Amino acid sequence: MSRPTANGPAAILLSLVWDVGLSLGAYFVAKWLGADDYVALLAGSVVALLRVIWVALRSRKFDVFAAVMVGVFGIGLLLSVLTGDAKFMLAKESLVTGAAGLAFVISCFVGKPLIYHAALRMREGKPEEIAEFEQKWTDLPEFRRNFRIMSAVWGAGLLADAAGRIPVIYSLSTDAAVTASSAMLIAVMVLLSVWNGWFVKRIQARAA
C-alpha cells in the first residue's frame, strides 16, 4: 500500500507560523508606534494578507489555499472596516481559521482533500513524482481514504480552535487577547502536526 506524505501538513504548519508571527509582530510594532488597538490589528491583518498574496506570486500558482485565504481575509477586512470594532478585527482571525477548517472538511466530500493538494505542492517541479502521485490517487482506494482522514482531522481541529478562541478574545483585554489567540492557534497547529506524524508512521508500519 502506498503512503501519503507528511510534507504537506508540515508545509501548512510552517506557513501558518509565519502568518501568525508576521501578523503578531506588525500588531506590536504598530502599538509601539502609538497606534490604537483597531489600527494595530488592521496592520496585522494587512501584513498577513500581503504574505498570502506574496507566497502565491512567488510560487506562480494561485491555488486553492491562496484562494481560500485571500477570500476570507478580504471579506474579514471589509467587515472590520465597516464595523470599526477592534475586537471583531481580532475575532476575524478565528473566522479565517474556521473557514479553513470548514474547507478541509468539505474537501473530504467534494473533489480532492486539501491535504492532498498540499502534498502535491511539495512535488512542484517534479512531473514524474506528480504523475505517480496522481496515479496512486486514481488506483488505490486506501490512499484516497488516508488523505480524507487527515483532511477531516485537520478540519475538525481548526474548527475547534476557531470556536475556542472567540470567547477568549472577548473576555480579555486586546493586548492579552492578541497574545492568547496566537498562542492557541500555534498550539493547535503543533498538536495537529504531531498527530499527523503519528498517523503517517502508523501507515508506514502497516505497509511494511
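Definitions and limits used
- Residues numbered from 1 in each chain as written.
- Predicted model: local features only at pLDDT ≥ 70, side-chain atom pairs only at ≥ 80, totals over all residues.
- Heavy atoms only, no water.
- Helix = DSSP H or I, 4+ residues; strand = E, 2+ residues; numbered from the N terminus.
- Buried < 20%, exposed > 50% of the residue type's maximum accessible area, 1.4 Å probe, protein only.
- Contact = heavy atoms within 4.5 Å.
- Areas by Shrake-Rupley, 256 points an atom, 1.4 Å probe, with all protein chains shown as cover.
- Phe/Tyr/Trp six-rings, centres within 6.5 Å; stacked < 30°, edge-to-face > 60°.

Participant: Tell me what's going on with the overall build of the chain, and back it up with residues and numbers.
Facilitator: From N to C terminus, the chain includes eight helices and zero strands. For the chain, the N- to C-terminal ordering of α and β elements is α-α-α-α-α-α-α-α. Classification of the 208 residues of the chain by burial places 42% in the buried group. Taking the intrachain contacts of the chain between residues at least 6 apart in sequence as the baseline, contacts between residues at least 24 apart amount to 71%. Taken as a whole, the chain presents about 10,500 Å² of accessible surface, with 68% of it coming from carbon and sulfur.

Participant: Talk me through the packing of aromatic side chains; I want residue IDs and the actual numbers.
Facilitator: Scanning the model with the defined rule gives five aromatic pairs in all. A ring pair is formed by Y116 and W137, whose centres lie 4.8 Å apart and whose planes are at 50°; its orientation type is tilted. Within this pair, whereas Y116 is found in helix α5 (residues 114-121), its partner W137 is found in helix α6 (residues 127-139), the two being separated by 21 residues in sequence. Across the pair, exposure class does not vary: Y116 and W137 are buried alike. Ring centres of Y116 and F147 lie 5.7 Å apart, and the angle between their planes is 85°; on these two criteria the pair is classed as edge-to-face. Separated by 31 residues along the polypeptide, Y116 in helix α5 and F147 in helix α7 (residues 141-171) bring together distant segments of the chain. Given the relative accessible area of 0%, Y116 is considered buried. For F147, a relative accessible area of 0% gives the class buried.

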